[in-house]
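Report on the structure
Take a look at the letters that make up each chain.
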Amino acid sequence: MSVWSRTVLVSVLLAGVPLSAAAAQGSAERAFAPGQRAWMDLSAGEYTIRAGRDDRIFVRWESEDPDAGTLRVAIEARGADATIVSRGPSNHFRVTIELPARTNLTLRLSAGDLTILGITGDKDLHSWAGNITVDVARPDDYRSVSASVTAGQITARPFDVFKGGLFRSFSWKGPGTYTLKVSLTAGDLMIR
């Protein structure tokens, strides 16, 4: 059963509202404690995921495209897990997602730019096309890091990795407790 067919605790749907040249925007939030897992299935767009308050998930989105169509964001929280799903236009769609700083994150992005700032915890990230930037405050917080790009570039300064071209990857082991796994089909991956 999909997140759209289940009872959604918080669901925002901008349907039937004609979009003008002005930006279409909205927001949603849900209570969420630190140290839990957030699973995200995100449509093409520009996403910034960053540390926010330690007691909630807050999502804000906007589109400046007058032909953007329907924008939808759904948040569901159950027990120690939360699911965030976005469906929107492929152009000019920007989303900011704030999570507790200590959150385990599993994310699938169809395409676009993704930036993750100030989030500690396990991270499993995949995108088909675009650019991914991941902030790792302390490399020694990680037990294992693995990253791959089918076509593009990997720049991971904290791990002394700089690779470009086809089928590039690296793995690293450290003394910490978290794991970082990133895969990108086409684009540039930066770990900083």
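As the structure is a computational prediction, the values presented were derived from the model and not from experiment.

This part is about the nonpolar core. Counting residues in hydrophobic clusters, the biggest one holds 46 residues, and the most contacted among them are Met40, Ile49 and Ile97. With residues near it in sequence (within four places) discarded, Ile97 still touches Met40, Leu42, Tyr47, Thr48, Ile49, Arg50, Ile57, Phe58, Val59 and Ile84.

Considering the arrangement of structural elements, one finds Thr155 in strand β12 (residues 142–156). The contacts of Thr155, once residues within four sequence positions are left out, are Val161, Phe162, Leu189, Met190 and Ile191.

A few words on the packing of aromatic side chains. Enumeration over the complete set of coordinates arrives at four aromatic pairs. Members of the aromatic cluster, connected to one another through ring pairs, are Phe159, Phe170 and Trp172.

Another aspect to go through is the pairing of strand β10 (residues 112–117). Bridge count for strand β4 (residues 45–51) against β10 is six bridges, and the pairing is parallel. Residue pairing in the sheet places Gly45 in a bridge with Gly112 of β10.

Right, let's get into the pattern of salt bridges. Between side chains of opposite charge, a pair can form as their charged atoms come close. The final tally for this structure, using the stated rule, is nine salt bridges. The partner of Arg50 in a salt bridge is Glu98, and the shortest N-O contact between them spans 3.1 Å. Of the two residues, Arg50 is situated in strand β4 and Glu98 in strand β8 (residues 93–99); the sequence distance between them amounts to 48 residues. Note on Glu98: relative accessible area 12%, which makes it buried. Linked through salt bridges whose partners overlap, the residues forming this network are Glu29, Arg50, Arg56 and Glu98.

Below, the discussion takes up the environment of Ser43. Position of Ser43 relative to the elements: it lies in the loop between β3 (37–42) and β4. Note on Ser43: relative accessible area 11%, which makes it buried. It is 8.6 Å that separates the C-alpha atoms of Ser43 and Arg108, two residues lying 65 residues apart in sequence. Excluding residues within four positions of it along the chain, Ser43 makes contact with Ser86, Arg87, Gly88, Phe93, Leu109, Ser110 and Ala111.

Rules of the game
- Residues numbered from 1 in each chain as written.
- Predicted model: local features only at pLDDT ≥ 70, side-chain atom pairs only at ≥ 80, totals over all residues.
- Heavy atoms only, no water.
- Core = buried A, V, L, I, M, F, W, Y, C linked by side-chain atoms within 4.5 Å.
- Buried < 20%, exposed > 50% of the residue type's maximum accessible area, 1.4 Å probe, protein only.
- Contact = heavy atoms within 4.5 Å.
- Helix = DSSP H or I, 4+ residues; strand = E, 2+ residues; numbered from the N terminus.
- Phe/Tyr/Trp six-rings, centres within 6.5 Å; stacked < 30°, edge-to-face > 60°.
- Pairing = 2+ DSSP bridges.
- Salt bridge = Lys/Arg side-chain N within 4 Å of Asp/Glu carboxyl O.

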